[in-house]
Amino acid sequence: MGEMVVAIFGDCLTVYHTHVITEAEGKGYARQLLDAMVACVRENKLWAMPLCPCVRAQFKHNPDAYADIWKRYS
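Residues numbered from 1 in each chain as written. Predicted model: local features only at pLDDT ≥ 70, side-chain atom pairs only at ≥ 80, totals over all residues. Heavy atoms only, no water.

*Asks:* Quick rundown of the pattern of salt bridges? Include the residues and the values.
*Replies:* Applying the stated criterion across every chain yields a total of 2 salt bridges. Taking the shortest distance from any N to any O, the salt bridge between R31 and D35 comes out at 3.6 Å. Here R31 and its partner D35 are both found in helix 1 (residues 29–43), 4 residues apart, which amounts to about one turn of the helix. Under the relative-accessibility criterion, R31 is labelled partly exposed at 36%. Judged by its relative accessible area of 40%, D35 falls in the partly exposed class. Measuring nitrogen to oxygen at the nearest pair gives 2.9 Å for the salt bridge that ties R42 to D68. Taken as a pair, R42 in helix 1 and D68 in the segment after helix 3 (63–66) lie far apart in primary sequence, 26 residues in all. With relative accessibility at 46%, the residue D68 sits in the partly exposed group. (Salt bridge = Lys/Arg side-chain N within 4 Å of Asp/Glu carboxyl O. Helix = DSSP H or I, 4+ residues; strand = E, 2+ residues; numbered from the N terminus. Buried < 20%, exposed > 50% of the residue type's maximum accessible area, 1.4 Å probe, protein only.)

Dropping the structure here:
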């Protein structure tokens, strides 16, 4: 239904892209991808760098929810 493109370098998981197929939009799949990524980052004691505009928007909209994992960049 969708995909999240990520890469792990050292202790940082970078999210490059998130996509949900048109037929599945609005059904919570992007949220499931985000939640799974966040759980993975926390479980493995990593930082998350959200380069994907959708994920970055969620981090910016809810900074307290992601403060413990958000690797900010300039």
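This is not the end of the story, as more comes after the structure.
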